[in-house]
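Secondary and tertiary structure notes
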Amino acid sequence: MADTLGRPLHDLRISVTDRCNFRCGYCMPKEVFDKQHAFLPHAELLSFEEITRLASVFVACGVEKLRITGGEPTLRRGLETLIAMLAALRTPDGREMDLTLTTNGSTLVKKAAALKAAGLRRLTVSLDGLDDAVFQRMNDVGFPVADVLAGIQAAQAAGLAPIKVNMVVQRGVNDDQILPMARHFRGSGVVLRFIEYMDVGATNGWRMDQVLPSAEVLRRLQAEFPLTPLSQSAPGETAERWAYSDGGGEVGFISSVTQAFCGDCNRARLSTEGRLYTCLFATRGHDLRALLRGAAPASDAELAGAIAGVWQGRSDRYSQLRGSGQATPAGERRVEMHYIGG
Ligand code: SAM
Ligand code: SF4
Ligand code: SF4
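Described below are features of the structure shown in this document. Please read all numbers here as calculations on a predicted model, not as lab measurements. (Residues numbered from 1 in each chain as written. Chains lettered and ligands numbered in written order. Predicted model: local features only at pLDDT ≥ 70, side-chain atom pairs only at ≥ 80, totals over all residues. Heavy atoms only, no water.)

**Digging into the environment of aspartate 18**
Quick note on the threshold: To qualify as a helix, a DSSP run of H or I must reach at least 4 residues; to qualify as a strand, a run of E must reach at least 2; elements of each kind are numbered from the N terminus. Three exposure classes are used, based on accessible area relative to the maximum for each residue type with a 1.4 Å probe and protein chains only: buried under 20%, partly exposed in between, and exposed over 50%. Contact definition: two residues touch when any of their heavy atoms are within 4.5 Å. Under this definition, polar contacts are N or O atom pairs within 3.5 Å; protein pairs additionally need one hydrogen-donor-capable and one acceptor-capable atom, and for neighbouring residues in sequence, both atoms have to be side-chain atoms.
Residue position: aspartate 18 is located in the loop between strand S1 (11-15) and helix H1 (48-60). For aspartate 18, a relative accessible area of 1% corresponds to the buried category. Along the primary structure aspartate 18 and asparagine 104 are separated by 86 residues, whereas in three dimensions their C-alpha atoms are 14 Å apart. Ignoring anything within four residues of it in the chain, the contact list for aspartate 18 reads Met28, Phe39, Leu40, Gly71, Thr272, His338 and Tyr339. At 2.9 Å, the side chain of aspartate 18 and the backbone nitrogen of leucine 40 are in polar contact.

**Some details on the site of ligand 2**
Let me state the cut-off plainly: The cutoff for a nearby residue is simple: one of its non-hydrogen atoms must lie within 4 Å of the molecule or strand. All amino acids are sorted into three groups, where Ala, Val, Leu, Ile, Met, Phe, Trp, Tyr, Cys and Pro are nonpolar, Asp, Glu, Lys and Arg are charged, and the leftover types, Gly among them, are polar.
Lining the immediate environment of ligand 2, one finds Cys20, Phe22, Cys24, Tyr26, Cys27, Met28, Gly71 and Asn104. Within the shell around ligand 2, the residues separate by chemical class into 6 nonpolar, 2 polar and no charged.

**Some words on the layout of surface pockets**
Here is the rule we go by: Residues are called lining when one of their atoms sits within 4 Å of a cavity or pocket point, these points coming from a 1 Å grid over the protein atoms alone, where a cavity is a set in which a 1.4 Å probe fits but cannot get out and a pocket is an open set with protein on both sides within 12 Å along at least five of seven lines. Grid points are joined across faces, edges and corners, and a volume is the space filled by probe spheres set on the points.
Of the voids in this model, the second largest pocket is the one considered here, and its volume is about 360 Å³. Per-class residue counts for the lining of the second largest pocket are 8 nonpolar, 5 polar and 4 charged.

**Section: the packing of helix H3 (residues 108-118) against helix H5 (residues 145-158)**
Put simply, the rule reads: Every axis in this analysis is a line fitted to C-alpha atoms, fitted for helices over the stretch in contact. Angles between the N-to-C directions lie between 0 and 180 degrees. Angular relationships are summarised with four words: roughly parallel below 35 degrees, roughly antiparallel beyond 145, roughly perpendicular across 65 to 115, and oblique for the angles in between. Crossings are classed by handedness, with left-handed meaning an anticlockwise turn of the near helix from the far one by less than a right angle and right-handed meaning a clockwise turn.
Between H3 and H5, whose axes approach to 8 Å, the crossing angle comes to 20°. Comparing the axis directions of H3 and H5 gives the class roughly parallel. Crossing of H3 over H5 shows right-handed handedness. Of the residues in H5, those in contact with Leu108, Val109, Ala112, Ala113 and Lys116 of H3 are Asp147, Ala150, Gly151, Ala154, Ala155 and Ala158.

**Description of the pattern of salt bridges**
Pairing is possible between side chains of opposite charge, provided their charged atoms come close. Heads up, the rule is: What counts as a salt bridge is simple: a side-chain nitrogen of Lys or Arg found within 4 Å of a carboxyl oxygen of Asp or Glu.
Enumeration over the complete set of coordinates arrives at 21 salt bridges. Residue arginine 53 pairs with aspartate 300 through a salt bridge whose shortest N-O separation is 2.7 Å. With a gap of 247 residues between them, arginine 53 in helix H1 and aspartate 300 in helix H9 (residues 300-312) connect regions that are remote in the sequence. On the accessibility criterion, aspartate 300 (41% relative accessible area) is partly exposed. For the salt bridge of arginine 121 with glutamate 96, the shortest nitrogen-to-oxygen distance reads 2.2 Å. Of the two residues, arginine 121 is situated in the loop between H3 and strand S4 (123-126) and glutamate 96 in the loop between helix H2 (79-87) and strand S3 (98-103); the sequence distance between them amounts to 25 residues. Here the residues in one salt-bridge network are Asp3, Arg7, Arg314 and Asp316, joined through shared partners.

**Focus: the sheet that holds S4**
As a reminder, the rule being used: Any two strands between which DSSP finds at least two bridges are classified as paired.
As summarised here, the arrangement of the 12 strands in space is S7-S8-S9-S6-S5-S4-S3-S2-S1-S10-S11-S12, forming an open sheet in which the pairing is mixed. This sheet does not close on itself; its edge strands, each paired only once, are strand S7 (227-229) and strand S12 (286-287). Sheet topology note: the strand S10 (residues 267-270)/strand S11 (residues 275-277) ladder contains 2 bridges and is antiparallel. Looking across to S11, one finds that leucine 270 is bridged to leucine 276.

Here it is in structure tokens:
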């Protein structure tokens, strides 16, 4: 099943909560997501049964990789139960799913072993610096870096592998953390990935001058460590990979701003309340929950037909159009990232 630009549907990112215990300024700035902010009531969220049913239909439509995200997904009560339900899904030819999770790491000390036991194989932890003052300023709730590092260790000890660490780089905010982060994770088996600060949503006050291009991050790394480019590991892979030439592992660069990778973008996103989004920068989603909860609930075949209709009509390529003035339709507002996950 391909979209209008010939891109297959391969990945599904599932947001399981719009809530978070952090207030990263680039995602959920404190001034906007304050005590007055109305998060979704529980009844609006897809239940685990609804998520699993939709995921199984997506799998029948070609999806082979599932990523659980949010908000902070580990805040969703009973997440292990959902992991176990999703881990039981199989591709039409009987293969296991590639099932993973993106987390801020704050709960891993407590939860890593249970997530692994439920069937999670690997995970991605977001961490924007090693200096406690810088990190606490970025998460904006005073969360200590030591607790995230302990969470990463707990995940390694639980056998979750490989573990990736995502660092959003903001010029003048945490770019002094690039080298300390590289030194820390080099040789640890953890793959550090640098993400360009993106203009997601409508609340983070994004400015181009705060984007540190990946080429500059690479240049700074190369001043200390010889690096060799690696080939893409899978079609649609977002990260450009480089290896430490001395065998110290690899790093990745996710360069949505300076090197758009829309050309082979094969990712769909299911929001917390069951809307299907076909781009991280979309303004509108398609309400799949209405099909599940309608007076005459849709059959799997009808759900598959709806998903296929949306995907086959897809023409999104926001990052390629960014700056052209046509990337977002006039008068429309981009969906916030914590509804649809990263
Ligand atoms: N709370 C979890 C976490 O932080 O890992 C999962 C959800 S979070 C929205 C997913 C990813 O999006 C994180 O790695 C985060 O750093 C990234 N992200 C959020 N806002 C971003 C932005 N403006 N630019 C680049 N990456 C962003
Ligand atoms: Fe929360 Fe993740 Fe967004 Fe930070 S990036 S505010 S941890 S959802
Ligand atoms: Fe995919 Fe949209 Fe990102 Fe392009 S901008 S890579 S279409 S999610």
